[in-house]
Amino acid sequence: MDAEPGEDCPFEGGESGDQVPDVEASSSASQGTAGRLKLAQLGKATSVQVETSAPGRGFMSRARSMDATAVAEEVEAPMFGKRKEFIRLKNLLTGHDAVDTLHQSGIMVCPVACTSQRCVGSLMLPSGGEQTPKRPHGVVRPREEVEEHARDFLNQYYGSLKRHANAKDTAAHEKRLTQVLLEIEEKGTYDLTEKELAFGAKTAWRNAPRCIGRIQWNRLQLFDCRHVTTASEMLDAIKRHIEYGTNGGNIRSAITVFPQRLDGQSDFRVWSPQFFKYAAFKQEDGSVIGDPSSLEFTEVCKNLGWKPEKEGPFVCLPLIIQARGQPPEVFDISDMNWEVDITHPTYEWFAELGLKWYCVPAVTNLLFDCGGIEFPAAPFNGWYMGTEIGRDLCDESRYNILPEVARRMGLDTRSPSSLWKDKALVEVNLAVLNSFQKKNVTISDHHSASESFMKHLEKEYATRGGCPTDWVWVNPPMSASTTPVYHQEMLMYQLRPSYEYQEDPWRIEAHRKLGDRKDRFRHFARVVQAFNRMFKTSMSRRVKAVILYATETGRSATYAKKVGELFSNSFNFQVTCMDEYNPMELEHEQLVVIVTSTFGNGEPPENGIEFFQTLNEMAKDEEHSQWLTNIKFSVFGLGSRAYPHFCAFGKEMDRVLKQLGGERVLDVGEGDELCGQEESFQEWMKKCYLMACQAYHIADGDKTLADKALQAIPPAWEEKMFRIKEDSEVAAAPKLSLTEALGGLHHKKTAIATIKSVKELQAVGATRSTILVEFETNKQALLNYNPGDHLAVCPANDTDLVNAVISKLALKVDADVPLLVEVQQRGEDGNYNNKWMESGRFPQKVSMRTALTHYLDITSPATPQFIALAIKLLDNDAEGASKQKERLEELAKGSDGYEDWKFGRFSTLAEFLDEFPALRVTASIILSQLPLLQPRFYSISSCPKLNPGEVHLTVAVVTYSTKADVTHHGVCSTWLSKLTAGEQITCFVRKAVSFHLPDDFLVPVIMVGPGTGIAPFRSFWQHRRHLLNVQHSVKLAPDEKRRQSESTVVVSRSDESLFGKMKLFFGCRHDKIDNIYKQEINESLLEGALSKVCYSFSRDPNHPKQYVQSRIEDSKEAEQLITDICENNGHIYVCGDVSMADRVCRAFENILMTVMSTEEARAYITQMKHEGRYHEDIFGVTLKTQEVTDGKRAHAKKLWEMTAKRRRSIAAEPKIRPVPMVASQQRRTVQSQSSGMPAPRRTMQSASQLGGRRAPGLAPPKRISSDSTPRSPKTSLQEEEEEEER
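Residues numbered from 1 in each chain as written. Predicted model: local features only at pLDDT ≥ 70, side-chain atom pairs only at ≥ 80, totals over all residues. Heavy atoms only, no water.

Student: Honestly, the pattern of salt bridges in this entry has me stumped. Any pointers?
Tutor: As a working rule, side chains carrying opposite charge can pair if their charged atoms are close by. Applying the stated rule across the entire model yields 57 salt bridges. Note that aspartate 267 is salt-bridged to arginine 261, the shortest N-O span being 2.7 Å. Classification of aspartate 267 by relative accessible area gives buried; the value is 6%. For arginine 261, a relative accessible area of 18% puts it in the buried group. Its salt-bridge partner being lysine 1078, residue aspartate 1071 comes within 3.2 Å of it at the nearest N-O pair. A relative accessible area of 14% places aspartate 1071 in the buried class. With a relative accessible area of 31%, lysine 1078 lands in the partly exposed category. By sharing partners, the salt bridges in this structure join Arg141, Glu145, Arg261, Asp267, Asp369, Glu374, Arg496 and Glu500 into a single network. (Salt bridge = Lys/Arg side-chain N within 4 Å of Asp/Glu carboxyl O. Buried < 20%, exposed > 50% of the residue type's maximum accessible area, 1.4 Å probe, protein only.)

Student: Can you walk me through the side chain of glutamate 822 in this structure?
Tutor: Examined against the element boundaries, glutamate 822 turns out to sit in strand E34 (residues 820–826). A distance of 2.6 Å separates the side chain of glutamate 822 from the side chain of arginine 723, its partner in a polar contact. Every residue in contact with glutamate 822, bar those within four places of it in the chain, is listed here: Met721, Phe722, Arg723, Lys725, Trp836, Met837, Glu838 and Ser839. (Helix = DSSP H or I, 4+ residues; strand = E, 2+ residues; numbered from the N terminus. Polar contact = N/O pair within 3.5 Å; in protein donor to acceptor, adjacent residues only side chain to side chain. Contact = heavy atoms within 4.5 Å.)

Student: Looking at this structure, how should I read helix H9 (residues 446–464)?
Tutor: For an α-helix, 3.6 residues make a turn, and residues three or four places apart therefore share a direction. Between its first and last C-alpha atoms H9 spans 26 Å; for 19 residues at 1.5 Å apiece the expected length is 27 Å, and the two agree. Among all positions in H9, only His446, Ala449, Ser450, Phe453, Met454, His456, Leu457, Glu460, Tyr461 and Arg464 are buried. Each buried residue of H9 lies within a common arc of 165° when the element is viewed along its axis, so the set occupies one face. Facing away from the buried side of H9 by over 90 degrees, the exposed positions are Lys455, Glu458 and Ala462. Two or three places before histidine 447, at the opening of H9, aspartate 445 has a side-chain oxygen 3.0 Å from that residue's backbone nitrogen. Among the residues trailing H9, glycine 465 stands out with phi positive, at a value near 80°. (Expected span 1.5 Å × (residues − 1). Arc of directions from axis to C-beta.)

Below, the structure is given as structure tokens:
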């Protein structure tokens, strides 16, 4: 309701409906005011009246209710000047208020032309009034306006990166803004990036005030077609859009954006108002057959040469397209039109009406305005709400079927008071919904759509402070008052980016003699179509695919590159490491493929931690449940069945992406290191490619073409692909230090540590060797650490092994001269173009000897990929070449035979070349294809406070024999054992916060570590000894418990009561031989650092045979352990191999079963892991325990064969399985202290240290009474222990 100037506008105020007195704020010339404002006193419902003499300053588009609640945007008071207020909106059903602040941000679009005299909110195309007149056709947007809009848009874009509160002020934002302003200054416009365009398209839908289905705004699929130049190319893009949007009836929202407006004369336009629309044929008697709303456009089509085969009510109009301002062209796409025959669920006669409608509503004639740039051609589609079709069929100005429906229903049509129209209208709408649902075509009813919009409205007010909404349009045309949107006050305003009405193109082109040129148009179209067919596989039609990997050893990176090579046949692909990719960019992607390894018991590789943590945190927030609805994804996980949680990190990535709204195209692929990994990967990769092609309607998506594409993948190495350069220029090149070079190679900040001493810990006469290596750090900041952290050591290969490899290579260069590795580039035709560039694999030029010593892995068995490439270097004339080639080809398949060979011989590179002497391996394949020598990770065995400037490692020197009776030595442990005082190594510290001591010093600490599993616990008791012997600042929590987070007290020997118990369970073979830290343990017991030590000896004749897990179950210890764990909130720390860790976990469950049920005990331990009170530092199968290895492999092989059999039996498109949450997210793994194999790593995220507070959800268990029978463990561990001991 509007009022004339000077009149009062009555509004009901407040919940009580009491009249609120007006407060008049007078104006004066000195204050520069243009009018006066009467502002009602603010309350829950505030009434407002605005009077102004300045045109166009009105802020309300309409007032639809006397209960309308609003607050003026601008309040002018003599004493306070001008200030901004907000608009308060009320829900008349619930009484809840919402405050709109969004309307004050951004650049408003001018067509909201309401004034204080009249409202134009109900006009179809709002125009007139005091608004700024639209620019005439052919006049481009002024440069200053473009700049203003660009600034506003970039603020929105960078502000949308939710992980950075000040994202719009970042350096990236400033850099981009500077670039855009320079472009605008130079040419009056600029180009949006694809991600900016996708964000703009989604935001424009989000801003569309007349759309009720905006809750899906973030699922809009962008097809960026700004590169097209002809109408024929536009047609191809539109066909692709239609295929994607139709999706077999499961309609998907999409937008295709064609080139932007440049000069106003060479626009790209889609003349058709929709992709599909029915024609109208006017008869001699004035009647119309078809859709009367199409009369004018049908004539335009005829003038352009369209000749319909017949005249009927549902004849599909052609598609008319205009490119670069050229004459429009006519295309028939009726064969792509999915139609639904309209029938009624109960009235059989309804089918006799011959009604039908098209499935995909696609608006094609709106202008997309984004960041100051105008896109005149940007067709987009959603799906229907049933009343839209019902209105089209029933409106008197359209098909007007209501009278006929009413007649057949037997309704009294003589008087409107019989409500015959309403009754017939309901049945028509029911028929529409029933017909679409019967054909499985997406459609929504107006009640569901209204409720969905209310959820969207609530979310929008919560997330961005408002939602521009046109109440007139959002209310459905039927039964409006029965829907919740009818009772919600809404504020109408328009924001950019936006979709806007524009003048019909045929009116602009009216002066052209279209009819006379139709022959030339058809000829032109045929020429362009013929030309376009030559380039139908061009990048313009390709979907973007980003392939992300996380790896420690490089295997996942190799697999990811293979995925990229396959997907390059049909997709615009990019292969990137997770730590080099901004996870906030995911929402702008289309297809995401992830290849990742899993370290230890479910942990991510280090370069995947931050990526995962970002997504995992977002997945916990319900607000982000639809964040990635725009993407499709698939995951392949690499792991080992030696661990309980096989491929856990890959499954976690799959879970998180699904939880954030992504659409899975294929179940998680699994590759087991122990069996069938290569074959599993190849099968998954091909299937993933096929499913992705099908999902995006790419013609390449059939098995035959996929097989051909796999065969067509260019090899990773060919002799002509690489060359080795050796000259004075290379030799004179500046050199990095070895530490700098290794840091660059592994992308780490490395430091130098100096050997202080290397001490043997085993007793004289021991058959094994365990050493304590002490390093001096010179107090470098890079080597700062805490007890529980890891030290990563960059080892060197054995000199004799390096010399053996060099002697077997077909080298044409000196092994000690620096070499430059160059790779030849391929042209667009896929052939080599004789252009060379550095391979960039190494941070500097290296000699063959240096590369084999420090950079390359020459001890691990050759991979199937390397073997396949090496076959090309076979000397066919050599003795036995034929048999060797046959054997190599079998191994290159990566199947069962390869697995048996790999784990049976575990050949070094030198042994591999001995086994196949016909191979003439060259420098280029060695330097370009061998895997990198990875750092080895060890738990730190020292406390920095007790040993300032030092770091200690406890290392088992590995020596083992293979099945071929060949003795091998651990790379890093053997190398460390040979170092002497003063020598230097390259290393870096890796934090392991989930294996740190608890913050609360009072909680009990239970440590379990047999053998070298004792390594991190030495740092723990040293830390406790330091606190007991040296004054140290400790924090006192409000609950009087001593924590490191509150007030300060001083601890000395007399303050031992301030610390909880620290109990150690340690196991070894012989008390007098390999009880490696016995003396130091005894000293710690005397000082009170350790409360108790429980020994287990497995081969000592003077002690009963026992393992740490059986000692835990000992009745003497069990009762106190239960008290420490359940009543005193104790923390458990376990370090050792995976088999031991699993049995220890079961042992703790068993003792808890004496006071609770089996299910409760397991749930209790699981909850401890989730809450960060059960910590594991574990490693997997090692080659020194060959029997265990064989057992694990046999089990893995059986599972793999079962999985392969199941895969062969299921359909091409697998069912989607829910991926469970990994139970032990907090587990952390480390380099085996006794192996020298590359290490698993720490947890996905830091566990919260609960300290003295009881873990949520963990109630203290009820003790079983003395007369009850305790629950005994259900599974004996003795047989497994005996087998491992053997």
